[in-house]
Amino acid sequence: MSSLLIFSLLLLFMWSGTAAENECSPGCFPDGNGNCLCGKSVYKDTCTCGEHPRTGKCNPCGSGCFPGNSTVHLKSGQLKKMHELKIGDQVMTQAGSYSPFIGWLDIKPDQETEFISFQTSSQFTISMTRTHLVFVKKGEKMITKYAKDVLISDWLINKNGKAEEVSSISKYVERGFYSPLTEPGTLVVNNLLTSCYASFPHMIAHAALYPARTWPSVFLGAEYGTGSYVNFIKTLGSLFDIRNAVLPTIFFVDSFDEAY
């Protein structure tokens, strides 16, 4: 039943979202509502690590998530570097909520990786890979955006549930990336709320990784590298050509509304 649900969600996403992938002009970005936003992002979608010879899309500089020096908030009140996380650490997953860190979706300490860095109006700074998902305040709702689509003047969510305006965006290359997973699929990193997922809509990734969240010791693989099940999900997404596709409106997250 769960496999049928995941397959149905994949088909629905492919039908509703991928057609919009190339609708915007160069230098413009879709906002998820059928509109193109132009000239508001300082992140240029250049291919630092080259292009795929067949598709023309950018090759990833590491598939990644976060740099290892990112910090997470422990239930004890302490901060901890992401590369120092241990299985079972109680980490903040949204304002006032904590959950155990259950394992790595991927981890490559030595791989050169391109990160996008956002600074907010309160001087919080967070870095992540270009197709990682971050939560953004839009009106009274909260949506997810790929990092590459976040704009200056977008509003991120801080650890207290308050909106923080993005004041600057930059990018850099650093060695190593870390992709932690929690049971809720969310994590507060450097004081800001993010998804644990990249390259797929949050809802689809969360459903597809139900086995990994439920039985992490079985499905999350070895201490370093990507487990077989996670590789299977990535391969399935590539087969249906939905990895890194534009997020259609139906997959925007509308949860946590009361808290935020």
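Keep in mind that this is a model prediction, so the values were computed, not measured.

Colleague: Explain the pattern of salt bridges here, please?
Modeller: Any two side chains of opposite charge can pair, so long as their charged atoms come close to each other. The full count for this structure, using the stated rule, is 6 salt bridges. Among the salt bridges present, the one from Asp 89 reaches Lys 80, with a minimum N-O distance of 2.8 Å. For Glu 112, the salt bridge is made with Arg 175, and the minimal N-O distance between the two is 3.1 Å. Here the residue Glu 112 occupies a position in strand β6 (residues 97–120), and Arg 175 occupies one in strand β11 (residues 163–182), the gap between them amounting to 63 residues. Judged by relative accessible area, which is 38%, Glu 112 ranks as partly exposed.

Colleague: Would you mind showing me how to read the pairing of strand β13 (residues 192–198) here?
Modeller: Residues in a regular strand project their side chains so that they alternate between the two faces of the sheet. Counting buried positions over the 7 residues of β13 gives 7, a clear majority of the element. As defined by bridge partners, strand β8 (residues 132–138) adjoins β13 across 2 bridges and the pair is classed as antiparallel. If you follow Val 134 over to β13, its bridge partner there is Thr 194. From the end of strand β12 (residues 186–189) to the start of β13, which pair antiparallel, there are 2 residues, and Asn 190 there has a positive phi angle of about 50 degrees.

Colleague: Would you explain unusual backbone geometry in this entry?
Modeller: With a phi close to 70 degrees, Gln 123 is a non-glycine residue in the positive phi region. As for its position among the elements, Gln 123 is in the loop between β6 and β7 (125–128).

Colleague: Looking at this model, I keep getting lost on the side chain of Arg 213. Mind explaining?
Modeller: Tracing the backbone through its elements, the reader meets Arg 213 in helix α3 (residues 210–214). Taking the relative accessible area as the measure of exposure, Arg 213 reaches 10% and is therefore buried. The contact partners of Arg 213, leaving out residues within four places of it in the chain, are Ile 102, Leu 181, Thr 182, Glu 183, Tyr 197 and His 206.

Colleague: Just checking my understanding: could you explain the packing of aromatic side chains for this structure?
Modeller: Given two aromatic rings, one states the distance between the centres and the angle between the planes to describe the pair. Enumeration over the complete set of coordinates arrives at 4 aromatic pairs. Centroid distance Tyr 210 to Trp 215: 6.3 Å. Interplanar angle 85 degrees. Geometry classified as edge-to-face.

Colleague: Please explain the nonpolar core as it appears in this structure.
Modeller: Core analysis: the largest hydrophobic core is formed by 38 residues, its most contacted members being Met 82, Phe 118, Ile 126, Leu 156, Leu 181 and Tyr 197. Those elements that provide at least two residues to this core are β6, β7, β8, β9 (141–146), β11, β12 and β13. Sorting elements by how many residues they give to this core places β6 first, with 7 residues.

Cut-offs used in this document
Residues numbered from 1 in each chain as written. Predicted model: local features only at pLDDT ≥ 70, side-chain atom pairs only at ≥ 80, totals over all residues. Heavy atoms only, no water. Salt bridge = Lys/Arg side-chain N within 4 Å of Asp/Glu carboxyl O. Helix = DSSP H or I, 4+ residues; strand = E, 2+ residues; numbered from the N terminus. Buried < 20%, exposed > 50% of the residue type's maximum accessible area, 1.4 Å probe, protein only. Pairing = 2+ DSSP bridges. Contact = heavy atoms within 4.5 Å. Phe/Tyr/Trp six-rings, centres within 6.5 Å; stacked < 30°, edge-to-face > 60°. Core = buried A, V, L, I, M, F, W, Y, C linked by side-chain atoms within 4.5 Å.

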